[in-house]
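Architecture at a glance
What follows is each chain in one-letter form.
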Amino acid sequence: MNNCQLSGICGGCLYQGVPYSEQTAKKEKEVLDLLETNHIEYGEFAGLEPAPSVTAYRNKMEYTFGDMEKGGPTTLGMHRSRSYMSVVNTDDCMLVDDDFNLIRKSVLDFCTGRGYVHYNKKRHNGLLRNLIIRKGERTGELLVCIVTTSEEGFDEDGFKEMLLALPLKSEIVGIMRTVNDNIADRVTNEDTKVLYGRDHYNEKIMGLDFQVNIFAFFQTNISAVERLYTEALEMIDDVTDKTVFDLYCGTGTITQTLALKAKKAVGVEISADAVRSAHENAELNGLTNCEFMEGDVLKVLDNISEKPDVIVLDPPRAGIHYKVLPKLMNYGVDQILYISCNPKTMAPNLAFMQEHGYRVMRIKAYDNFPFTKHVETVVLMSRVEGK
């Protein structure tokens, strides 16, 4: 991995060329420094858990069509480091398996061979925008979706036939085309057409089955997150006969795992697509004691009559809104489990809860995304008696 030819050029990785032990040491120090800066008192810091694998760990990639230099050949890959406009070809990316690299190159060859033009961010014209590839790690199922504008001329049948002819290790179970005419530089699903197969892949995690569609939020490193979730949930006392709130629940992986033991698990999530997937997957797993509520946690909590015995938090990178925190404190639960993907926003949240009667009992960091800046952290907080 340290020999990547795009080290310092591709914006996908931060720590190319840095020995892995140094990467984990940097991330562990970052967490400890933030705890100190925010005056967090804690019982046990269990260190940082290295990744199960430092290569081929991503099960999803969202590539962008563009060019390396203005007016140059069309490229397909990641944005160049510190450059919004340039896109580099990620020919031999080691964050993904060989199937991803072959599909990416084959799609680029298909499109350039037909003279298709990539979308221009300034002029807002052109056909090609993005390529999304997703894989079920436990099932070996692949989804491929090309994102284009509504300009005419894209050969859907030829695209499908090209992909199905590739000598892949895994099986393509769905091929799609999404139309996106939005001027914002992000994938917007204005219309998706299934060209082949189905619109989802199957995955297994935490002993449960999940159907994941092309745009659903789902963890991108299955082995690592399964270990994180398992160890995180083991921190909580027995939830038998208890009601658990899983706030910012995404597609409900943790909610459903809790429901296997709890009296009831309530998941709250702002994404309608994620909530829809959560309902479908709970039904798929035969779980009847799960409830999923769509909406902003800040507002939804005002409309839930039930009171939780335990709260699990897994917020986005922005952390927990400052107006949500007092509502959580008012429940007065004995334990709060905080799963963070951004220690910079986690630490101030912990400081607030510490000021309002909670103490960090145990904290552990996880490197689920080697060679990137990201670090995951799991924190168990307990209510201090008499507060």
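Residues numbered from 1 in each chain as written. Predicted model: local features only at pLDDT ≥ 70, side-chain atom pairs only at ≥ 80, totals over all residues. Heavy atoms only, no water.

**A few points about the sheet that holds strand E13 (residues 290–294)**
Spelled out, the test is: Should DSSP find at least two bridges between two strands, the strands are taken to pair. Segments assigned H or I by DSSP are reported as helices when at least four residues long, segments assigned E as strands when at least two residues long, and all are numbered from the N terminus. Orientation is described by axes fitted as lines to C-alpha atoms, over the contacting stretch for helices, and by angles from 0 to 180 degrees between their N-to-C directions. Any pair of residues with heavy atoms lying within 4.5 Å of one another is described as a contacting pair.
Reading across from one edge, E1-E16-E17-E15-E14-E11-E12-E13 is the order of the eight strands in this open sheet, with mixed pairing throughout. Since the sheet does not close on itself, it has two edges, and those belong to strand E1 (42–49) and E13, each with one partner. Here the strands of the sheet are splayed against their neighbours by 15° on average, with no regard to which way each runs. Bridge count for strand E16 (residues 358–366) against strand E17 (residues 376–383) is eight bridges, and the pairing is antiparallel. Following the sheet pairing, Tyr358 is matched in E17 by Arg383. Across the sheet, helix H4 (residues 222–235) touches E1, strand E15 (335–340), E16 and E17, and the angle it forms with E15 is around 165°. Packing against the sheet, helix H9 (residues 343–355) makes contact with E15, E16 and E17, and its axis sits at approximately 165° to E15.

**A closer look at helix H3 (residues 156–164)**
Quick note on the threshold: For the exposure calls, accessible area comes from a 1.4 Å probe over protein chains only, and a residue counts as buried if that area is under 20% of its type's maximum, exposed if over 50%, partly exposed in between. Think of the arc as the fan of directions from the helix axis to the C-beta atoms. N or O atoms closer than or at 3.5 Å make up a polar contact, with two conditions inside protein: a donor-capable atom paired with an acceptor-capable one, and, for residues adjacent in sequence, both atoms drawn from side chains.
Restricting attention to buried positions, one finds in H3 the residues Glu156, Gly158, Phe159, Met162 and Leu163. All buried residues of H3 lie within an arc of 165° about the axis, which places them on one face of the element. At its buried positions, H3 is contacted by helix H2 (98–113), strand E6 (141–148), strand E7 (171–179) and strand E8 (191–197). If you check the start of H3, you find a side-chain oxygen 3.4 Å away from the backbone N of Asp157, and it comes from Asp155.

**Focus on the sheet that holds E7**
Read across the sheet, seven strands follow the order E4-E3-E2-E5-E6-E7-E8 without closing on themselves; strand pairing throughout is mixed. Since the sheet does not close on itself, it has two edges, and those belong to strand E4 (87–89) and E8, each with one partner. Sheet twist, expressed as the mean angle between neighbouring strand axes with direction ignored, is 35°. Inspection of the sheet shows E6 paired to E7 by eight bridges, in the parallel sense. Bridge pairing in E7 places Thr148 opposite Val179. Across the face of the sheet, H2 comes into contact with strand E2 (60–67), strand E3 (74–79), E4, strand E5 (128–136) and E6 while running at roughly 155° to E5. Of the strands in this sheet, E6, E7 and E8 touch H3, which is tilted by about 155° from E7.

**Structural notes on the packing of helix H8 (residues 324–331) against H9**
The test is simple: Roughly parallel here means an angle under 35 degrees, roughly antiparallel means over 145, roughly perpendicular means 65 to 115, and every remaining angle is called oblique. Crossing chirality is assigned from the near helix's rotation relative to the far helix, an anticlockwise turn below a right angle marking it left-handed and a clockwise turn marking it right-handed.
Between H8 and H9, the least distance of the axes is 10 Å, while the angle of their chain directions is 40°. Here H9 runs oblique to H8, going by the angle between their axes. Of the two possible hands of crossing, H8 and H9 adopt the one that is right-handed. Between H8 and H9, the contacting residues are Leu325, Pro326 and Met329 on the first element and Asn349, Phe352 and Met353 on the second.

**Structural notes on the packing of aromatic side chains**
Keep this limit in mind: Two rings belonging to Phe, Tyr or Trp (six-membered ring only in the last case) form a pair when the distance between their centres is within 6.5 Å. Interplanar angles under 30 degrees mark stacking, angles over 60 mark edge-to-face geometry, and anything in between is tilted. Geometrically, a lysine NZ or arginine CZ counts as sitting over a ring once it is within 6 Å of the ring centre and also within 35 degrees of the ring normal.
Following the criterion strictly, the structure yields nine aromatic pairs and no others. Ring geometry for Phe245 against Tyr331: centres 5.8 Å apart, planes inclined by 85°, an arrangement best described as edge-to-face. Of the two residues, Phe245 is situated in strand E11 (residues 243–247) and Tyr331 in helix H8; the sequence distance between them amounts to 86 residues. When sorted by exposure, Phe245 lands in the same class as Tyr331, which is buried. Sitting over the face of the ring of Tyr119, Arg129 holds its NZ or CZ atom 3.9 Å from the ring centroid.

**Topic: unusual backbone geometry**
Positioned with a positive phi, His124 is a non-glycine residue whose angle comes to about 60°. Looking at the secondary structure, you find His124 in the loop between H2 and E5. Unlike most non-glycine residues, Asp241 shows phi in positive territory, near 65°. With respect to the element layout, Asp241 can be found in the loop between H4 and E11.

**Regarding the packing of helix H1 (residues 20–37) against H9**
Let me state the cut-off plainly: All amino acids are sorted into three groups, where Ala, Val, Leu, Ile, Met, Phe, Trp, Tyr, Cys and Pro are nonpolar, Asp, Glu, Lys and Arg are charged, and the leftover types, Gly among them, are polar.
Where H1 meets H9, the axes come as close as 9 Å, and the angle between the chain directions of the two elements is 30°. As judged from the angle between their axes, H1 and H9 are roughly parallel. Pair H1 / H9 crosses with right-handed handedness. On H9, the residues that touch Glu30, Val31, Leu34 and Leu35 of H1 are Pro343, Lys344, Ala347 and Leu350. Looking at the contact of H1 with H9 residue by residue, the class counts come to six nonpolar, no polar and two charged.

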